[in-house]
Structure formats: C-alpha cells, structure tokens
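# Topology and contacts: notes
Each chain is listed here by its residues.
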Amino acid sequence: MARFERHLFVCTNERPAGHPKGCCREKGSEEIRAALKAELKRCGVAGIVRANASGCLDACEFGVSIVIYPEGIWYGGVTLKDVPQIVERTVLNGEVIERLLIRDPRYAPPHMQCAILPLPPKRA
Ligand code: FES
C-alpha cells in the first residue's frame with residue numbers, strides 16, 4: 001500500500017506586501033494547512049492523507065488555493081471555516097464541494113469539465 005493515498009497541497013507562498021499578485025499566505029494559508037492537519041488527525045486519516053505546504057500553485061487570484069491529488073480537484077477561496085467540510089466531504093466521502101471549485105477551465109479536472117463548462121451542442 002502506498003504511504004499516502006491522497007495529498008492536499010496548500011499554497012503557502014508568500015510575496016512582499018503590495019505585490020500585484022498577492023499571495024495565499026497573506027490570506028491565511030498557513031493556518032488553513034495547520035487546521036487541515038489537525039482535522040485529518042482528529043478523523044484518524046493522518047497516516048494516509050497528507051496536507052502538504054506548497055509553493056505557488058499558479059492560481060494566485062483564487063487563493064487560498066488547494067489542489068487535491070490524485071483526483072486533481074482545485075479549490076479556491078478556501079477559508080478556515082471550510083476545513084471541516086473539505087475533510088468530511090471530500091477526503092472522507094469523495095465528494096466535490098462545488099462552491100469551492102475554481103471556476104476556470106485551466107483548473108478543472110477532465111471528469112468535471114462538463115459540469116463546469118457545458119460542451120457546445122453537436123452540429124449535424
Ligand atoms: S500564491 Fe498561492 S497560488 Fe500563487
């Protein structure tokens with residue numbers, strides 16, 4: 001069995017104050033990662049699911065940004081109050097939390113693109 005079955009990469013990148021791109025750290029990503037770690041531990045899955053600190057995920061405008069692998073689920077605008085739901089719904093029950101999905105096709109996993117961006121009707 002693999003050491004970890006799932007990773008939650010939490011962007012903890014920091015940029016200087018006033019940088020035009022901003023950064024996830026100034027939006028509380030370190031606290032969110034710590035809360036995720038604590039919640040994973042509380043739920044008894046810390047040995048198989050890991051909340052990793054990540055550098056910039058190139059989704060700065062959506063921060064705090066998190067990507068969950070192996071599924072490739074991209075969440076944005078994550079706050080501390082979202083942590084219990086992310087663990088309960090996504091990590092433990094495999095459910096995607098629609099309201100947290102980054103609404104940009106660059107961050108949509110292939111199996112979800114139809115739900116996010118409806119395909120144009122087929123032409124005869
Ligand atoms: S600073 Fe977090 S995604 Fe770039």
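Going by the structure above, here's the rest.
Described below are features of the structure shown in this document. (Residues numbered from 1 in each chain as written. Predicted model: local features only at pLDDT ≥ 70, side-chain atom pairs only at ≥ 80, totals over all residues.)

Looking at chain direction, strand E1 (residues 6-11) and strand E3 (residues 66-69) are connected through four bridges and run antiparallel. Note that in E3 the partner of Val10 across the bridge is Ile66. Inspection of the sheet shows E3 paired to strand E4 (residues 73-75) by three bridges, in the antiparallel sense. Of the residues in E4, the one forming a bridge with Ile66 is Tyr75. Taking the residues between adjacent antiparallel strands as the criterion, E3 and E4 are bridged by three residues, where Gly72 takes a positive phi near 75 degrees. (Pairing = 2+ DSSP bridges. Helix = DSSP H or I, 4+ residues; strand = E, 2+ residues; numbered from the N terminus.)

Of the positions making up helix H2 (residues 83-92), those classed as buried are Val83, Ile86, Val87, Thr90 and Val91. Viewed along the axis of H2, the buried residues span an arc of 115 degrees, placing them on a single side of the element. On the buried face of H2, the contacting elements are E1, helix H1 (29-42), strand E2 (49-54), E3 and E4. One or two positions beyond H2, positive phi appears at Gly94, with a value near 65 degrees. (Buried ≥ 20, exposed ≤ 12 C-beta atoms within 10 Å, placed from the backbone. Arc of directions from axis to C-beta. Contact = placed C-beta atoms within 7 Å.)

For the rest of this paragraph, the subject is the pairing of E1. For E1 and E2, the ladder comprises six bridges, and the chain directions are parallel. Paired with Arg6 across the strands is Val49, a residue of E2. Considered for its hand, the β-α-β crossover made up of E1, H1 and E2 is right-handed. (Right-handed = clockwise from strand over helix to strand, strands pointing away.)

What follows is about the sheet that holds E3. The strand order across the open sheet built from four strands is E2-E1-E3-E4, with neighbouring strands paired in mixed fashion. Each edge of the open sheet carries a strand with a single partner, namely E2 and E4. Here the strands of the sheet are splayed against their neighbours by 20 degrees on average, with no regard to which way each runs. (Axes fitted to C-alpha atoms, helices over the stretch in contact; angles between N-to-C directions.)

Below, the discussion takes up the nonpolar core. Within the largest apolar cluster, 29 residues are counted, with the highest numbers of intra-cluster contacts made by Val10, Ile32, Leu36, Ile66, Trp74, Tyr75 and Ile102. At the level of elements, E1, H1, E2, E3, E4 and H2 are the ones that each hand at least two residues to this core. Apart from the residues lying within four places of it in its own chain, the contact partners of Trp74 are Ala59, Val67, Leu101, Ile102 and Tyr107. (Core = buried A, V, L, I, M, F, W, Y, C linked by C-beta atoms within 7 Å.)

Below, the discussion takes up unusual backbone geometry. Gly63 connects to Val64 through a cis peptide bond whose omega is 5 degrees. Within the element layout of this structure, Val64 appears in the loop between E2 and E3. Cis geometry marks the peptide bond from Tyr69 to Pro70; its omega dihedral reads 20 degrees. Locating Pro70 in the fold gives a position in the loop between E3 and E4. In this structure, Asp58 is a non-glycine residue whose phi angle is positive, near 60 degrees. Following the sequence through the fold, Asp58 ends up in the loop between E2 and E3. Residue classification places Asp58 among the partly exposed positions, given that 13 C-beta atoms sit within 10 Å.

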